[in-house]
Amino acid sequence: MTLLLGCIADDFTGATDLAALLARSGLPVSLRIGVPREKRARSETSAFEVIALKCRTSPVETAVEQTGQALEWLRQAGASRFFWKYCSTFDSTAEGNIGPVAEMLMAKTGAAQTIYCPAFPENGRSVFMGHLFVGEQLLSESPMKDHPLTPMRDSSLVRLLAPQVIGAVGLANRNIVSKGPTALRAKLAELSDDAIRHVIVDAVCDDDLGTIAAASFDMPLLTGGSAIAGQLPRLYLEQGLATLPRQRQALPKVAGSPIVLSGSCSAMTRRQVASYAGQVASLRLDPVALAEGGTAAACEWLRRQPADAPKLIYATAEPEEVRRAQERLGRERAGQVVEEALSEIAREAFHHGARRFVVAGGETSGAITQALGVTHLTIGPEIAPGVPWTFTTAGGEAIALALKSGNFGDETFFTDAFHRLETA
Ligand SMILES: Nc1ncnc2c1ncn2[C@@H]1O[C@H](COP(=O)(O)OP(=O)(O)O)[C@@H](O)[C@H]1O
Ligand SMILES: O=C(O)[C@@H](O)C(=O)COP(=O)(O)O
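Rules behind the numbers
Throughout this document, residue positions are counted from 1 along each chain, in the order its sequence is written. Both sets of labels track the order of writing: A upward for chains, 1 upward for ligands. Local features in this predicted model are restricted to residues of pLDDT 70 or higher, and side-chain atom pairs are both shown and tallied only at a pLDDT of 80 or more, whereas totals for entire chains, interfaces and linings draw on every residue. Nearness between a residue and a molecule or strand is assessed with a C-beta atom placed from the backbone; a distance within 6 Å qualifies. Per the convention used, a helix needs a DSSP run of H or I reaching at least four residues, while a strand needs a run of E reaching at least two, with both numbered from the N terminus. Each residue gets one label: Ala, Val, Leu, Ile, Met, Phe, Trp, Tyr, Cys and Pro are nonpolar, Asp, Glu, Lys and Arg are charged, and the others, such as Gly, are polar. An automatic or database domain assignment supplies the residue ranges for each domain. Here the axes come from fitting lines to C-alpha atoms, over the contacting stretch only for helices, and the angles between their N-to-C directions go from 0 to 180 degrees. Oblique is the label for any angle not under 35 degrees, not over 145, and not in the 65 to 115 range, which are roughly parallel, roughly antiparallel and roughly perpendicular in turn. Crossing chirality is assigned from the near helix's rotation relative to the far helix, an anticlockwise turn below a right angle marking it left-handed and a clockwise turn marking it right-handed. Residues are treated as contacting if the C-beta atoms built from their backbones sit within 7 Å of each other. Partly exposed residues are those whose C-beta has more than 12 but fewer than 20 other C-beta atoms within 10 Å; with 20 or more the residue is buried, with 12 or fewer it is exposed, and the C-beta atoms are placed from the backbone. A pair of strands is treated as paired once DSSP finds two or more bridges between them.

1. Notes on the site of ligand 1
- Lining the immediate surroundings of ligand 1 are 26 residues, of which S264, G335, V338, G361 and G406 lie closest.
- If you list the elements that add at least two residues to the shell around ligand 1, you get α13 (319-329), α14 (331-351) and α15 (362-371).
- In terms of residue class, the shell around ligand 1 is made up of ten nonpolar, 13 polar and three charged.
- Both domains that furnish three or more residues to the shell around ligand 1 are identified here as domain 1 (5-238) and domain 2 (257-423).

Dropping the structure here:
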């Protein structure tokens, strides 16, 4: 099958979110961890290739370099249209990386203009008059204002993006989007005539996303959250660019003990951890203690637990505790200490028979997936919107991994996840 879209995601939960939404169509999706060393095999049949990077909070030059390499790989694999996936809450540092990467990708793909569409209505993210809402709250008033690495203190996407790019930023608002694809195309052309290369597009519901996809799907580069990309397979199928495979790929059964590892401090993860901690053996990690004493105590705790019993190990903490750890260690170092600790603990858990891993947190998922030496994920059933089970091998053994975005899923997500795997 022709490769229809080459996708680059700025974190690993984002990559599995995107892959899950594309896979809803029944078209095959391939998800690779990091820029692959080998070329795509000629026998490969995926309609979509997703490359997961861990570059959301990297220095701008690093993010631009890595995404540039991913683009080259996807081009060599045969892609001529591309998607840059970032967070539905537009998570970025003050310097980038959403804008600088988009601008580099535009230059390399010859895109004169691109759209920015983070909206994900199914998960409560909508954009109205250029302002991003999380549920009924403005982004800057939502718990995202306290994110440990990318605190979001403004809700205006134009104001957030403008300092990150050289070209001009404009808005196609809901009044235009509600008029349908022809009106939106005309607005994009008008903005283009005014040399506006970066267009934020409002969307508050899936119908809006349908309009936006219909008006922009032939741009060489689209950017946004997973939900706008999730509209594309239907268009490709309608235009005869792809056909559904006769059979869906069979998924493996993975036995072995379950474990939840959480480095997310997002509001929903805090509720999920509090709920699950009351049900299974759990261990809380303290970044300052980890910085001083390493993971020996946590690994010892793990060894003392019955091998098959479900377990939870978490650094998840309330904003005041996160602030205290950051004051002691610095923001970057606090995050790094926790990511490294959870990576070591994941390896130790694997060694003791863990094969079903639920990981909460995007950066955390990146660190753990890399530590387990995973290079490729097969997409399985969705547990909650944007969070699929994935299957792969680590150290020659089959494992199942669910990489959960900080704010996705319900309070019972961790129990739901293992239940979903058993009934898949
Ligand atoms: N108690 C803590 N104090 C400070 N930083 C923490 C703490 N627990 C986790 N972190 C760090 O916070 C960051 C959370 O980011 P991430 O894993 O992407 O979660 P999310 O998906 O919620 O954004 C990680 O770098 C993690 O190591
Ligand atoms: O678009 C989204 O919201 C997610 O796919 C995503 O990128 C979330 O990032 P984390 O919350 O850091 O996991």
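2. Some thoughts on the packing of helix α6 (residues 181-193) against helix α7 (residues 206-216)
- Contact geometry for α6 and α7: axes closest at 8 Å, N-to-C directions at 55 degrees. As the angle between them shows, α6 and α7 are arranged oblique. Like other packed secondary-structure pairs, α6 and α7 cross with a definite hand, here right-handed. Residue-level inspection shows P181, L184, R185 and L188 of α6 in contact with α7, the latter providing T211, I212, A214, A215 and S216.
- Its residues placed into classes, the contact of α6 with α7 shows six nonpolar, two polar and one charged.

3. A closer look at the environment of A172
- Locating A172 in the fold gives a position in strand β9 (residues 168-172).
- As for A172 and L184, which are separated by twelve residues in sequence, their C-alpha atoms are 7.4 Å apart.
- Dropping the residues within four chain positions of it, A172 is found in contact with V177, L184, K187, L188, V199, V201 and D202.

4. Looking at the environment of D11
- Looking at where D11 falls in the secondary structure, it is placed in the loop between β1 (5-9) and α1 (12-23).
- Overall, the presence of 26 C-beta atoms within 10 Å leaves D11 in the buried class.
- With residues near it in sequence (within four places) discarded, D11 still touches K54, R56, G362, E363 and G366.

5. A look at the sheet that holds strand β7 (residues 131-134)
- Judged by pairing direction, the sheet is antiparallel, and its three strands sit side by side in the order β6-β7-β8 without closing on themselves. Where the open sheet ends on each side, the last strands, each with one partner, are β6 (125-128) and β8 (137-138).
- Note that β7 and β8 share two bridges and pair antiparallel. Bridge pairing in β8 places V134 opposite Q137.

6. Considering the packing of helix α12 (residues 296-304) against α14
- Contact pair α12 / α14: the axes reach a minimum separation of 10 Å and the direction vectors enclose 30 degrees. Put simply, α12 runs roughly parallel to α14. Here the hand of the crossing between α12 and α14 comes out right-handed. Between α12, through A298, C299 and L302, and α14, the contact on the second element is made entirely by A341, I345, E348 and A349.
- Each residue belonging to the contact of α12 with α14 can be placed in one class, and the counts come to six nonpolar, no polar and one charged.

7. As for the site of ligand 2
- Around ligand 2, 16 residues are found, and the nearest of them are G14, D17, S88, G362 and S405.
- The element best represented in the shell around ligand 2 is α1, accounting for three residues.
- A breakdown of the residues in the shell around ligand 2 according to their chemical character gives one nonpolar, 13 polar and two charged.
- Residue contributions to the shell around ligand 2 reach at least three from each of two domains, namely domain 1 (5-238) and domain 2 (257-423).

8. Comments concerning the domain arrangement of the chain
- Segmentation of the chain into domains returns domain 1 (5-238) and domain 2 (257-423).
- Just the C-alpha atoms count here: the centres of domain 1 and domain 2 sit 27 Å apart.
- Contacts between the two partners involve 24 residues from domain 1, matched on the other side by 27 residues from domain 2.
- Secondary structure elements with two or more residues in the side of domain 1 that touches domain 2: α1 and β2 (29-33).
- Counting residues per element, the side of domain 1 that touches domain 2 draws most heavily on α1, which supplies nine residues.

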